[in-house]
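As a plain string of letters, each chain reads:
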2 protein chains.
Amino acid sequence: MSDNWMSDKELRRLTRGFQALHSVLRLRILAALAERESNVRDLEDVLRVSQPLISWHLTQLRQAGFVTAERVGREVRYQLQPAAFQELVGTIEALLGISLSDEGEINGTLEG
Amino acid sequence: MSDNWMSDKELRRLTRGFQALHSVLRLRILAALAERESNVRDLEDVLRVSQPLISWHLTQLRQAGFVTAERVGREVRYQLQPAAFQELVGTIEALLGISLSDEGEINGTLEG
DNA sequence: CAAATCCATAAATAACCGTTTATATGTCGT
DNA sequence: ACGACATATAAACGGTTATTTATGGATTTG
């Protein structure tokens, strides 16, 4: 069925994506941004961690494409980029030759 | 729309999933297993890396739920577990309140 | 231009993870 | 039970990444 192959370059890009998501704090940042576009200060308040730390993680997330930054006045507004997640999922599907759409839910079988 | 919240425990589990996928070698292992169920020796041949290294990564992938192991004779056959990926995607969708189905493909816009 | 605000970057340290090398566990055949 | 094969685990090392602390750059306000 799937005579699958993927270049090193593509694989590395995939891993960069996963790497950007392997931190609880980053997932929290993303969840916050999913609720509303925010600046660094907002996130600092919501997540209760230092400003440089937020900035650093935002940089990582931006480099991975999961968020975009836009300067407005002295703030920088960060915004979730759902397309990056869709692309990530699409690449996994291609790599593994499986479908990750909700059709998988037909059986309803989940782990224990 | 999404008054989203997720427990620390769930988030940590998500990160464990991403962590398990942030290595090129692991993605290669998964791709190989997507083509055919294999034992450690098979993977060693295909991927050209040492046996303990393969074993270690397989252990990580197994703990994250992406593969299952079944002992048959003196071999251990490893098998891809697509449901784990589907669950991962489902959790991201819940966390971020976005849909990751193929609808994103309507435009056909992919990476550059 | 000075003060205040918002954010990014640098340097130093600590925690984590992958890789190797060596060894142990388990299974089959004789 | 012994030797061969297949896999797992342990210990040690090295590299990478997260976190803190301190500082610099950019922008608005007066």
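Residues numbered from 1 in each chain as written. Chains lettered and ligands numbered in written order. Predicted model: local features only at pLDDT ≥ 70, side-chain atom pairs only at ≥ 80, totals over all residues. Heavy atoms only, no water.

## Quick notes on the protein's contact with DNA strand D
Here is step 1 of the chain: Taken together, 20 residues sit near DNA strand D, with A:Arg26, A:Trp56, A:His57, B:Ser55 and B:Tyr78 positioned nearest.
Here is step 2 of the chain: One of the side-chain nitrogen or oxygen atoms of A:Gln19 is found 2.7 Å away from a phosphate oxygen of DNA strand D.
Here is step 3 of the chain: Within the backbone of B:Arg41, one N or O atom sits 2.9 Å away from a phosphate oxygen of DNA strand D.
Here is step 4 of the chain: Mapped by element, the contributors of at least two residues to the surface near DNA strand D are helix H4 (51–63) of chain A together with helix H3 (40–47), helix H4 (51–63) and strand S3 (75–80) of chain B. (Near = heavy atom within 4 Å. Polar contact = N/O pair within 3.5 Å; in protein donor to acceptor, adjacent residues only side chain to side chain. Helix = DSSP H or I, 4+ residues; strand = E, 2+ residues; numbered from the N terminus.)

## Brief notes about the pattern of salt bridges
Two side chains carrying opposite charge are able to pair once their charged atoms lie near each other.
Residues and elements named next belong to chain B.
Here is step 1 of the chain: Scanning the entire structure with this criterion turns up 16 salt bridges over all chains.
Here is step 2 of the chain: Between Arg 36 and Glu 35 there is a salt bridge whose closest N-O contact spans 3.5 Å.
Here is step 3 of the chain: Salt-bridge contacts for Glu 44 lead to Arg 41; the nearest nitrogen and oxygen are separated by 3.8 Å. In this pair, Glu 44 and Arg 41 both sit in helix H3, three residues apart, roughly one turn of the helix.
Here is step 4 of the chain: We classify Glu 44 as partly exposed; its relative accessible area is 22%.
Here is step 5 of the chain: Judged by relative accessible area, Arg 41 falls into the exposed class, the value being 53%. (Salt bridge = Lys/Arg side-chain N within 4 Å of Asp/Glu carboxyl O. Buried < 20%, exposed > 50% of the residue type's maximum accessible area, 1.4 Å probe, protein only.)

## Topic: the packing of aromatic side chains
Residue and element names in this part refer to chain A.
Here is step 1 of the chain: Under the defined criterion, the tally for this structure stands at three aromatic pairs over all chains.
Here is step 2 of the chain: Both rings, one in Phe 66 and one in Phe 85, keep their centres 4.6 Å apart while their planes meet at 35°; by these two values the pair is tilted. One end of the pair, Phe 66, is in the loop between H4 and strand S2 (67–72); the other, Phe 85, is in helix H5 (residues 82–96), and 19 residues separate them in sequence. With respect to class, Phe 66 is no different from Phe 85; both count as buried. (Phe/Tyr/Trp six-rings, centres within 6.5 Å; stacked < 30°, edge-to-face > 60°.)

## Focus on the relation of the copies chain B and chain A
Here is step 1 of the chain: Relative to chain A, chain B is turned by 180° and slid 0.0 Å along the rotation axis, the superposed coordinates differing by an RMSD of 0.1 Å. Here the symmetry operator amounts to a two-fold rotation axis.
Here is step 2 of the chain: By residue overlap, the copies meet face to face through one surface: 100% of the interface positions of chain B are interface positions in chain A. (Least-squares fit on C-alpha atoms with pLDDT ≥ 70 in both. Contact = heavy atoms within 4.5 Å.)

## Digging into the protein's contact with DNA strand C
Here is step 1 of the chain: In the region of DNA strand C, 21 residues are neighbours, and A:Ser55, A:Tyr78, B:Gln19, B:Trp56 and B:His57 sit closest.
Here is step 2 of the chain: For DNA strand C, the backbone portion of the atoms within 4 Å of the protein, that is sugar and phosphate, comes to 65%.
Here is step 3 of the chain: Take A:Arg41: an N or O atom from its main chain is 2.8 Å from a phosphate oxygen of DNA strand C.
Here is step 4 of the chain: A distance of 2.5 Å separates a phosphate oxygen of DNA strand C from a polar atom in the side chain of A:Ser55.
Here is step 5 of the chain: Elements that contribute at least two residues to the surface near DNA strand C include exactly helix H3 (40–47), H4 and strand S3 (75–80) of chain A together with helix H2 (24–35) and H4 of chain B.
Here is step 6 of the chain: Per-element accounting of the surface near DNA strand C gives the leading share, four residues, to H4(B).
Here is step 7 of the chain: Within the surface near DNA strand C, the residues separate by chemical class into eight nonpolar, seven polar and six charged. (Nonpolar A, V, L, I, M, F, W, Y, C, P; charged D, E, K, R; others polar.)

Read these as spatial facts, not as claims about activity.
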